[in-house]
Amino acid sequence: MENHLLPIIHFTEEVMSRGEGSYVYDTEGKKYLDLNSGQFCVALGHSNEEVMSKIFEKAGKIVHTASNIYTDEVAECSNKLNKLSGEMDAYSILLSTGSEAVEFCMRFSKFLKGRDGVVCFDRGYHGLTLGSQTITFGGKFAKPHIDNIATVPVPVTEEEAEASAEELGKLLATGQYASVILEPIVSVGGMLYPPEKWFSLLRKVCDDNDTLLIFDESQTGFGRTGEWFAYQAFHTVPDMVVLAKSVGLGFPVSVAMFRKELVPDETYRMSHYSSHQNDSFAAAIINTGIEYIEKHDVLAGVKVRGDLFLEKLKALEEKNEHIKDARGHGLMLGCELYYEGVEDYRPLYAKLYDRMMKNGVIIQGTNGGHTLRFLPDYLLEEEDMDLAVETLDRVLNEL
Ligand SMILES: Cc1ncc(COP(=O)(O)O)c(C=O)c1O
């Protein structure tokens, strides 16, 4: 379709015009199963009628105020997040994107500790603004860099977890670092699931060295693991949490959450101004999401649906030689592609993506096309999982 969009990405031929539940429809009316919930954002499905009518009813009252004025909706949202955060007893600011909330946490960790450095992990993704890009993949692709960033490997085994924590301990002992930031489940970096033990090791290392621990839960947060926050699934309380994607139900909303003890007594010490902070509309979206998830017991459903989808992916792995290492936690699943002799999976993945699309299923690869990831909406039905797995089985064999 003719357009004047900046060509910053390779767009698909198909142009969408409508979404409903787990499906999107193109301008010709053809339907596609969206296995990645619109870049992992539409957690409750595309244009969920109950959700949208509530959000727009609230938007009809008020959308925005000045940065120093808040609404009852915003206060309620902060109270709801505080209650859900449990032991963290969190104070929140509502922002717009994951990168913005990451930058916010980085900036305030430096401010609170009076130190410049931040430690990240080698396969972590945290966004593409200046600061967040410098801690994405250890800043490998960042131009320009910000200073004082150190990188430690993400572990997958228990032994690697010990080594990773030890290396971190040595870095933090230099006294240069304000914070350590990680993704509890590493998504873009290849669907890596660090052992639970790692989180408590990191907590201890950070405590021993008076350094703040930040969980970037842009993908894992707001229910995707079957808990409100992944830190609850991994039994480690961080100092700051970033929420994005699912928390906005498809709208540009993010949150930076801080453990209560970090919040300075003096008003204005943590000043921050942006055109979109603590917007009433953002709060209306989050409040609606929380109410819907609680009313329909969605978190329990995420666990059941996640286990079922994983079972089906494992059955596919048994049956189809091109799938290996199916894995997952809640509705955050992945597997590896395997074709004998192939080293660069990019061209093969591009073909797979196109053929799946032609067959009405939208997938997403990462890790140079080697890894497939599935982060569907929280209400994905079993018949849709079957459609996904059957289509994948057929198309993989045709490649
Ligand atoms: C873990 C993580 N952090 C941060 C971001 C950046 O979020 P945004 O693209 O909304 O800036 C992403 C986006 O994919 C992400 O997955």
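What you see is a predicted model; the values in this text were computed from it and never measured. As a convention, each chain's residues are numbered from 1 in the sequence order in which they are written. Under the rules for a predicted model, residues below a pLDDT of 70 receive no local features and side-chain atom pairs below 80 are neither given nor counted, while totals for whole chains, interfaces and linings still include all residues. No hydrogens and no water enter the side-chain calculation; it runs on all heavy atoms of the structure.

**What to know about the layout of surface pockets**
At step 1: One number sums up the size of the second largest pocket: a volume of about 1,000 Å³.
At step 2: Using protein atoms alone on a 1 Å grid, points that fit a 1.4 Å probe yet trap it form a cavity, whereas open point sets bounded by protein on both sides within 12 Å along at least five of seven lines form a pocket; residues with an atom within 4 Å of a point count as lining. Around the second largest pocket sit 31 residues that line it, and Tyr 91, Ser 92, Ile 93, Met 270 and Asn 278 are the ones nearest its centre.
At step 3: A helix here means a DSSP run of H or I that spans at least four residues, while a strand means a run of E at least two residues long, and both kinds are numbered starting from the N terminus. The biggest single contributor to the lining of the second largest pocket is helix α3 (residues 72-84), with 5 residues.
At step 4: Taken together, the residues of the lining of the second largest pocket sort by class into 18 nonpolar, 10 polar and 3 charged. Grid points are joined across faces, edges and corners, and a volume is the space filled by probe spheres set on the points. Gly falls in the polar group here, along with every residue not listed as nonpolar (Ala, Val, Leu, Ile, Met, Phe, Trp, Tyr, Cys, Pro) or charged (Asp, Glu, Lys, Arg).

**Topic: the sheet that holds strand β10 (residues 254-258)**
At step 1: The 7 strands are arranged β4-β10-β9-β8-β7-β5-β6 in an open sheet whose pairing can be described as mixed. Since the sheet does not close on itself, it has two edges, and those belong to β4 (91-95) and β6 (149-152), each with one partner. Averaged over all adjacent pairs, the angle separating strand axes in this sheet is 20 degrees, with direction ignored.
At step 2: Pairing between two strands requires that DSSP report at least two bridges joining them. As paired strands, β4 and β10 are joined by 5 bridges and run antiparallel to one another. In the sheet register, Ile 93 faces β10, and the bridge partner there is Ala 256.
At step 3: Contact between two residues is taken to exist if any of their heavy atoms lie within 4.5 Å; hydrogens are not considered. Axis angles are defined between N-to-C directions and span 0 to 180 degrees, where every axis is a line fitted to C-alpha atoms and, for a helix, only to the segment in contact. Helix α4 (residues 98-113) contacts β4, β5 (117-121), β6, β7 (177-182), β8 (212-217), β9 (240-243) and β10 of the sheet and is inclined by roughly 25 degrees relative to β10.
At step 4: Packed on one face of the sheet, helix α6 (residues 158-172) meets β5, β6 and β7 and runs near 160 degrees to β6.

**Considerations on the nonpolar core**
At step 1: Residue types Ala, Val, Leu, Ile, Met, Phe, Trp, Tyr and Cys, when buried and joined through side-chain atoms within 4.5 Å, form a set referred to as a nonpolar core. Burial status follows relative accessibility: with a 1.4 Å probe on protein chains alone, a residue under 20% of its type maximum counts as buried, one over 50% as exposed, and anything between as partly exposed. Counting residues in each nonpolar core, the largest one holds 103 residues, and the members touching the most others are Ile 286, Phe 309, Leu 352, Ile 363, Leu 372, Phe 374 and Leu 392.
At step 2: Among the elements that take part in this core, helix α9 (residues 280-295) stands out by supplying 8 residues, more than any other.
At step 3: Apart from residues lying up to four places away in sequence, Phe 374 is in contact with Leu 35, Asn 36, Phe 309, Leu 313, Leu 331, Met 332, Leu 333, Gly 334, Cys 335 and Leu 392.
At step 4: With 19 residues, the next largest nonpolar core counts Ile 93, Val 118, Ile 135 and Ile 181 among its residues.

**Re empty space enclosed by the protein**
At step 1: Tallied over the full model, the rule gives 2 cavities of 30 Å³ or more.
At step 2: In this structure, the largest cavity spans a volume of roughly 50 Å³.
At step 3: Lining of the largest cavity is provided by Lys 58, Lys 61, Ile 62, Asp 72, Glu 73, Ser 280 and Ala 284.
At step 4: Sorting the residues of the lining of the largest cavity by element identifies α3 and α9 as the ones contributing at least two each.
At step 5: Lining the second largest cavity we find Phe 121, Gly 124, His 126, Val 154, Ile 181, Leu 182, Glu 183, Val 186 and Trp 198.

**Quick look at helix α12 (residues 382-398)**
At step 1: What a helix is expected to span follows from its residue count: subtract one and scale by 1.5 Å. The end-to-end C-alpha distance of α12, which contains 17 residues, comes to 25 Å, matching closely the 24 Å that a straight helix rising 1.5 Å per residue would cover.
At step 2: Those residues of α12 that fall on the buried side of the exposure criterion are Asp 384, Met 385, Ala 388, Val 389, Thr 391, Leu 392, Asp 393, Val 395 and Leu 396.

**Some thoughts on the domain arrangement of the protein**
At step 1: For the domains described, the bounds stem from an automatic or database domain assignment. Here the protein is partitioned into domain 1 (16-34 + 297-398) and domain 2 (52-295).
At step 2: Domain 1 and domain 2 are separated by 27 Å when their C-alpha centres are compared.
At step 3: Of the roughly 1,900 Å² buried between domain 1 and domain 2 on both sides combined, carbon and sulfur atoms contribute 58%.
At step 4: We define a salt bridge as a contact between a side-chain nitrogen of Lys or Arg and a carboxyl oxygen of Asp or Glu at a distance within 4 Å. In this assembly, domain 1 and domain 2 are joined by 1 salt bridge.
At step 5: Identification of polar contacts relies on pairs of N or O atoms within 3.5 Å, with a donor-acceptor requirement for protein atoms, meaning one able to donate a hydrogen and the other able to accept it, and with residues adjacent in sequence counted only if both atoms are side-chain atoms. The interface formed by domain 1 and domain 2 contains 16 residue pairs in polar contact (both at pLDDT 80 or more).
At step 6: Where the side of domain 1 that touches domain 2 is concerned, the elements lending two or more residues are α10 (298-319), β11 (323-329), β12 (332-337) and β15 (371-374).
At step 7: Here the side of domain 1 that touches domain 2 is built from residues that sort into 11 nonpolar, 7 polar and 5 charged. By buried area we mean how much accessible surface two parts lose on assembly, using a 1.4 Å probe and totalling the loss over both.

**Some remarks on the site of the ligand**
At step 1: In the vicinity of the ligand, the residues found are Thr 97, Gly 98, Ser 99, Tyr 125, His 126, Gly 127, Glu 183, Asp 216, Ser 218, Gln 219 and Lys 245.
At step 2: Take Ser 218: an N or O atom from its side chain is 3.2 Å from a nitrogen atom of the ligand.
At step 3: For the accessible areas, the method is Shrake-Rupley and the probe is 1.4 Å, while residue cover comes only from the protein chains on display. Summarising the interface, the protein chains cover 83% of the accessible area of the ligand, which totals 390 Å² for the free molecule.
At step 4: By residue class, the composition of the shell around the ligand is 1 nonpolar, 7 polar and 3 charged. Here a residue is near a molecule or strand as soon as one of its heavy atoms is found within 4 Å of it.

**Remarks on the pairing of β11**
At step 1: Pairing of β11 with β12 involves 5 bridges; the strand directions are antiparallel. The partner of His 329 across the bridge, within β12, is Met 332.
At step 2: In this structure, the hairpin formed by β11 and β12 is closed by a connection of 2 residues, where Gly 330 is found at a positive phi of approximately 60 degrees.

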